[in-house]
Amino acid sequence: MKSKPPPADVRRADFEQLYERHSREVWAVAYARWMNADTASDVMQETFLRLWKQQETGETILNPRAWLLRVARNLAEDFAKSAFRRNGTSPPQTMNGVQASEPMPLERLERDETFAQLREVMEQLPKADREILTLRYALDYETGEIAELLSINATAVHMRLSRARQRLADRLKREGVGPLP
Amino acid sequence: MRSVVPLSQNRGDNVDGLLRAFYRAQMPHPWPKPPETSSQTLPFRRFSRGQGATRSRWVLAASVAFLLAGSLLLPRRFTSQERPEPGIEALGTANRNILPDAPKMKTNEGKPVEKKQLPGLGFDEGELLPDLDDTGLFPPK
C-alpha cells in the first residue's frame, strides 16, 4: 500500500526507534548464519538502509519486525555469493571471530582459543540450532519472546532449545573443549 | 512469567556459561549507531527533480540533432569523391586485368630473375649431376 511519505525528520525519528528496538534481533539472525560479528554488523546496517529506502517510497510496512528479519535472513544468505565472501578475509583484529580490543595476557589467549573452538563446533550445528541458541544466549530472550520471533509455540521452543544445547554439549565434549579459564 | 529452559545439571551450566561469555564477547561494544540516511538521499532527489532534469533533456536534444546532421552530411561527402566507374563494380577487383584500360599487374620484366633454391636439395637440378659412364651397360648396335 502506497501513501505520501511523512516529513524527513519524522521518518528519521521512526527509523531510529525501529533501529533501537530491533537491531539486536537483526544482528543475531545474521550472526547465527555466519558466526561472524563483522558480517552480522554489515548485514544489520544494510537491512536498515533498505528499510529506510522502502519507507522513502511511501510503501507502508505493516509489520516492520517481520520485514526486517526476513530481509536480514535474505541478505545473510546472499552474503555467501558476494565478492567479499569469496575473496576477502577477516581483519587481524577479528581472527577466529574473536575481537581483540584489549591487551592479550595468557588468560585472554586461552579464552580466545576456547571461543574459537566453540565457534567451530557451532558452525557444524544445524542453522536452526544456531539461531535458537543465539536468540537465547546473545539476546537473553525468554521462551515466549523466541516463540513470537520464530512464529512457533513455547513447547516447540523448549524442545528445540533443549536439543540444540544437548547437541552442542555432546560435540564440545567430543572435541575436548573445556570450560572457560 | 520467566519460563527459562531447565538446565541439565553440571554440563548444562558449563555450556550456558560458555555460551553467554562467548556471545558477550562477540556482540559489538558500543552498539553501532543507525546508518546515516538523510545526507545520502536529499541531494540526489534535489538533483533529479530540478536543474538536472532540464540539463539532461538539453543534452539529449543536442545528441539527437548531432546524429541527424551526421547521417545527412556524411553520405553526401563520400559519394561525391569516391564514386567508382560504372560497369567495374559488377566484375569485382579480381577481373580488373582483363579490361583494356585497367592498370596492369606488376611483372618482373627487365629484371634478372633470381634462382630460387629448392628446399632440401641444396643444388639446381641438372647443373651438378655427374656424367655417368654407360659403356658396357647396353649391347652394341
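Residues numbered from 1 in each chain as written. Chains lettered and ligands numbered in written order. Predicted model: local features only at pLDDT ≥ 70, side-chain atom pairs only at ≥ 80, totals over all residues. Heavy atoms only, no water.

## Remarks on the packing of aromatic side chains
Right, so step 1: Taken as a whole and assessed by the stated rule, the structure comprises 10 aromatic pairs over all chains.
Right, so step 2: When the ring of Tyr 31 of chain A is compared with that of Tyr 23 of chain B, the centres are 5.9 Å apart and the planes differ by 70 degrees; the resulting orientation is edge-to-face. Placement of the pair is Tyr 31 of chain A in helix α1 (residues 8-34) and Tyr 23 of chain B in helix α1 (residues 9-26), with the two residues belonging to separate chains.
Right, so step 3: According to the relative accessible area criterion, Tyr 31 of chain A is buried, its value standing at 0%.
Right, so step 4: For Tyr 23 of chain B, a relative accessible area of 0% translates into the label buried.
Right, so step 5: Arranged with centres 5.3 Å apart and planes meeting at 70 degrees, the rings of Phe 22 of chain B and Tyr 23 of chain B form a pair that is edge-to-face. (Phe/Tyr/Trp six-rings, centres within 6.5 Å; stacked < 30°, edge-to-face > 60°. Helix = DSSP H or I, 4+ residues; strand = E, 2+ residues; numbered from the N terminus. Buried < 20%, exposed > 50% of the residue type's maximum accessible area, 1.4 Å probe, protein only.)

## A short note on the interface of chain A and chain B
Right, so step 1: Counting residues at the interface gives 48 residues for chain A, matched by 29 residues for chain B.
Right, so step 2: Buried surface at the junction of chain A and chain B, summed over both partners, amounts to about 3,600 Å²; 64% is from carbon and sulfur atoms.
Right, so step 3: On the chain A side of the contact with chain B, Tyr 137, Glu 142 and Arg 165 of chain A bury the most area, a combined 17% of that side's loss.
Right, so step 4: Inspection of the region where chain A meets chain B yields 2 salt bridges.
Right, so step 5: Taking the shortest distance from any N to any O, the salt bridge between Asp 140 of chain A and Arg 20 of chain B comes out at 3.5 Å.
Right, so step 6: At the junction of chain A with chain B, the criterion picks out 10 residue pairs in polar contact (both at pLDDT 80 or more).
Right, so step 7: The set of elements that each furnish at least two residues to the side of chain A that touches chain B consists of α1, α2 (37-56), α5 (106-124), α6 (127-137), α7 (143-150) and α8 (154-175) of chain A.
Right, so step 8: Counted by class, the side of chain A that touches chain B contains 23 nonpolar, 12 polar and 13 charged residues. (Contact = heavy atoms within 4.5 Å. Buried area = accessible area lost by both parts, 1.4 Å probe. Salt bridge = Lys/Arg side-chain N within 4 Å of Asp/Glu carboxyl O. Polar contact = N/O pair within 3.5 Å; in protein donor to acceptor, adjacent residues only side chain to side chain. Nonpolar A, V, L, I, M, F, W, Y, C, P; charged D, E, K, R; others polar.)

## Observations concerning the packing of α7 of chain A against α8 of chain A
Residues and elements named next belong to chain A.
Right, so step 1: Direction vectors running N to C along α7 and α8 enclose 100 degrees, while the axes themselves pass 9 Å from each other. The angle between α7 and α8 places the two elements in the roughly perpendicular class. For the pair α7 and α8, the contacting residues are Thr 143, Ile 146, Ala 147 and Leu 150 in the first and Ala 154, Val 157, His 158 and Arg 160 in the second.
Right, so step 2: By residue class, the composition of the contact of α7 with α8 is 5 nonpolar, 2 polar and 1 charged. (Axes fitted to C-alpha atoms, helices over the stretch in contact; angles between N-to-C directions. Parallel < 35°, antiparallel > 145°, perpendicular 65-115°, else oblique.)

## A short note on a nonpolar patch on the surface
Residue and element names in this part refer to chain B.
Right, so step 1: A surface patch of nonpolar side chains, amounting to about 290 Å² of accessible area, comprises Leu 60, Val 64 and Leu 68.
Right, so step 2: As for its placement among the helices and strands, Leu 68 is situated in helix α3 (residues 51-81).
Right, so step 3: Taking the relative accessible area as the measure of exposure, Leu 68 reaches 52% and is therefore exposed. (Patch = residues over 30% accessible without salt bridge, like charges linked within 9 Å, V, L, I, M, F, W, Y side chains within 5 Å. Areas by Shrake-Rupley, 256 points an atom, 1.4 Å probe, with all protein chains shown as cover.)

## Thoughts on unusual backbone geometry
Right, so step 1: The peptide bond linking His 29 of chain B to Pro 30 of chain B adopts the cis configuration, its omega dihedral lying at -5 degrees.
Right, so step 2: In this fold, Pro 30 of chain B is placed in the loop between α1 and α2 (38-49).
Right, so step 3: Phi is positive for Asp 140 of chain A, close to 55 degrees, though the residue is something other than glycine.
Right, so step 4: The residue Asp 140 of chain A is located in the loop between α6 and α7 in this model.
Right, so step 5: Accessibility expressed as a relative area gives 43% for Asp 140 of chain A, which makes it partly exposed.
Right, so step 6: Unlike most non-glycine residues, Ser 151 of chain A shows phi in positive territory, near 55 degrees.
Right, so step 7: Note on placement: Ser 151 of chain A falls in the loop between α7 and α8.

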